[in-house]
Amino acid sequence: MKRIVLSLAVALVLSACGSSVKLDNVPVEDKSGATVGTAADANKADGSGVAKSGVTTVDLDKANQDAFMKSTTRTVYFDYDSFVIRSEFQSVIEAHAKFLKSDKARKVTLEGHTDERGGREYNLALGQKRAEAVRKALALQGVADNQLEAVSFGKEKPAVLGNSEAALEKNRRTEISYR
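Thresholds applied
Residues numbered from 1 in each chain as written. Predicted model: local features only at pLDDT ≥ 70, side-chain atom pairs only at ≥ 80, totals over all residues. Heavy atoms only, no water. Core = buried A, V, L, I, M, F, W, Y, C linked by side-chain atoms within 4.5 Å. Buried < 20%, exposed > 50% of the residue type's maximum accessible area, 1.4 Å probe, protein only. Helix = DSSP H or I, 4+ residues; strand = E, 2+ residues; numbered from the N terminus. Contact = heavy atoms within 4.5 Å. Pairing = 2+ DSSP bridges. Axes fitted to C-alpha atoms, helices over the stretch in contact; angles between N-to-C directions. Salt bridge = Lys/Arg side-chain N within 4 Å of Asp/Glu carboxyl O.

A.B. asks: What exactly am I supposed to notice about the nonpolar core here?
C.D. replies: Within soluble globular proteins, side chains that are nonpolar tend to cluster in buried spots. Val76, Leu100, Val108, Leu110, Val134 and Leu138 are the most contacted members of the largest nonpolar core, which has 19 residues in total. Taken together, the elements giving at least two residues each to this core come down to α4 (90–102), β4 (108–113), α5 (120–140), β5 (148–154) and β6 (173–178). Per-element accounting of this core gives the leading share, five residues, to α4. In contact with valine 76, not counting residues within four places along its chain, are Ile85, Phe89, Val92, Ile93, Val134, Arg172, Arg173 and Thr174.

Below you can see the structure in the form of structure tokens.
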């Protein structure tokens with residue numbers, strides 16, 4: 001029964017996407033408002049099928065990528081003994097998901113870390129759970145699974161040395177590293 005309803009819903013949505021508007025016969029006007037012809041006529045003028053214009057294209061991908069890399073944080077922090085992503089980092093996940101979806105060739109390593117409290121094996125497992133939580137959040141945003149790799153470093157690579165709560169808090173993290 002669910003399949004039938006789902007099939008009908010998909011068919012309805014797809015049929016609503018159709019359009020009978022002919023885009024090839026749109027009148028082209030010059031600045032004075034006089035009709036010159038249609039877009040189809042302009043495309044046929046030189047035989048290439050491509051309308052000519054004086055506008056040059058600008059490739060912003062490299063500039064956008066550099067700006068993204070400089071401005072966006074690449075760290076998601078966690079509470080003590082937890083692998084639940086805090087709501088304040090949802091925008092970080094969304095920004096990285098959008099960036100990764102725009103370039104399917106880009107790959108990322110999600111590095112899970114813990115503070116120094118707890119045993120080695122426990123912290124490796126907790127670091128892996130933190131990295132997997134970020135991986136799942138990115139996948140829910142539409143990032144392909146083959147772009148993501150989750151690894152754990154446990155307590156082996158602290159970001160900040162020390163036993164203060166501020167230092168320990170900086171070590172409970174997942175870092176998003178682009179390759």
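A.B. asks: Any chance you could explain the sheet that holds β6 here in plain terms?
C.D. replies: For sheets, the rule is that strands pair by backbone hydrogen bonds, running either parallel or antiparallel. Pairing is mixed in the open sheet, where four strands are placed in the order β3-β6-β4-β5. Strand pairing shows two members of the sheet lacking a second neighbour, β3 (75–77) and β5, which therefore form its edges. Neighbour-to-neighbour, the strand axes of the sheet open up by a mean angle of 20°, direction not taken into account. Helix-sheet contacts for α4 involve β3, β4, β5 and β6, and the interaxial angle to β6 is about 20°. The sheet strands contacting α5 are β3, β4, β5 and β6, and the helix crosses β5 at an angle near 155°.

A.B. asks: Can you walk me through the pattern of salt bridges in this structure?
C.D. replies: A full pass over the atoms with the stated rule returns 11 salt bridges. For arginine 106, the salt bridge identified is with aspartate 103, shortest N-O distance 3.8 Å. In this structure arginine 106 comes out as buried when scored by relative accessible area, which is 15%. As a salt-bridge pair, arginine 172 and aspartate 115 come within 3.2 Å of each other at their nearest N and O atoms. Of this pair, arginine 172 sits in the loop between α6 (165–171) and β6 while aspartate 115 sits in the loop between β4 and α5, and the two are 57 residues apart along the sequence. Look at the salt bridges and you will find they share partners, linking Asp115, Arg117, Glu165 and Arg172 into a network.

A.B. asks: Sorry, what's going on with the pairing of β6 here?
C.D. replies: Side-chain positions along a regular strand alternate between the two faces of the sheet. Both β3 and β6 contribute to a ladder of three bridges, which runs antiparallel. Following the sheet pairing, threonine 75 is matched in β6 by glutamate 175. In the sheet, β4 pairs with β6 via five bridges, with the strands oriented antiparallel. Looking across to β6, one finds that threonine 109 is bridged to serine 177.

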